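A look at the structure
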Amino acid sequence: MGNVQNIVGNSTENFIANFLRENGYWAYILPKKVGGQPFDIIACRCDDIWFVDAKHLEEEKASFSFERIEPNQKTSMSYAQNFAHITNMGFVIYWERTPEKLYFLPYDRVLKSEKEGKKSVKIEDLNEFKAVLEYASDNIE
């Protein structure tokens, strides 16, 4: 990743972590390491646990390509789902076109879309992350 990409990526991660904190979550950005990390942010509030990867999408783009998902991210999310039974995980997308909103692409939706032969998802077809968080916290047992 180039220096500019690092700056943009770190800024996006911090923005999303701060968003989670403002919404009552403890949020931790995982340190970078060679070969990547499993995802960017772990967040929790009571029994509401999230594993998310932060993605930044340029203003001129209108869809998120699944090619941007790293193999280690898929492996980690698969392990988290299968062994720790984590269900709240996926990709939080900051889209320059709508800087006041964050969008959420669930990991399960990526898997389903790929099985259907899709290679991307339109950002406008995703739910706003704030609404997803509110729904999840309302449905904690």
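Refer to the preceding data block for the structure.
The rules behind the values
- Residues numbered from 1 in each chain as written.
- Predicted model: local features only at pLDDT ≥ 70, side-chain atom pairs only at ≥ 80, totals over all residues.
- Heavy atoms only, no water.
- Buried < 20%, exposed > 50% of the residue type's maximum accessible area, 1.4 Å probe, protein only.
- Helix = DSSP H or I, 4+ residues; strand = E, 2+ residues; numbered from the N terminus.
- Pairing = 2+ DSSP bridges.
- Arc of directions from axis to C-beta.
- Contact = heavy atoms within 4.5 Å.
- 1 Å grid on protein atoms, 1.4 Å probe; cavity = no way out; pocket = protein on both sides within 12 Å on 5 of 7 lines; lining within 4 Å.
- Points joined across faces, edges and corners; volume = space filled by probe spheres on them.
- Nonpolar A, V, L, I, M, F, W, Y, C, P; charged D, E, K, R; others polar.

1. Let's talk about the pairing of strand β3 (residues 48–57)
Judged by how many residues are buried, β3 sits mostly within the fold: nine of ten residues are covered. Connecting the antiparallel pair strand β2 (residues 41–45) and β3 is a turn made up of two residues, with cysteine 46 showing a positive phi of about 55°.

2. So, helix α3 (residues 107–115)
Those residues of α3 not exposed but buried are Tyr107, Val110 and Ser113. Seen end-on, α3 carries its buried residues on one side only, within an arc spanning 125°. Of the exposed residues in α3, the ones pointing more than 90 degrees away from its buried face are Lys112 and Lys115. On its buried face, α3 sits against α2 (71–83), β5 (89–95) and β6 (102–106).

3. Examining the layout of surface pockets
There is about 180 Å³ of room inside the second largest pocket. Lining the second largest pocket, in full, are Trp50, Gln81, Thr87, Asn88, Met89, Phe104, Pro106, Tyr107, Asp108, Val132, Tyr135 and Ala136. Elements with a contribution of two residues or more to the lining of the second largest pocket: β6, α3 and α4 (129–138). With three residues, the single largest contributor to the lining of the second largest pocket is α4. Each residue belonging to the lining of the second largest pocket can be placed in one class, and the counts come to eight nonpolar, three polar and one charged.

4. Some points on α4
Turn by turn, an α-helix covers 3.6 residues, leaving residues three or four places apart pointing in a common direction. Buried within α4 we find Phe129, Val132, Leu133 and Ala136. For α4, the angular spread of buried residues about the axis comes to 100°, placing them on one side. Opposite the packed face of α4, turned more than 90 degrees from it, sit the exposed residues Tyr135 and Asp138.

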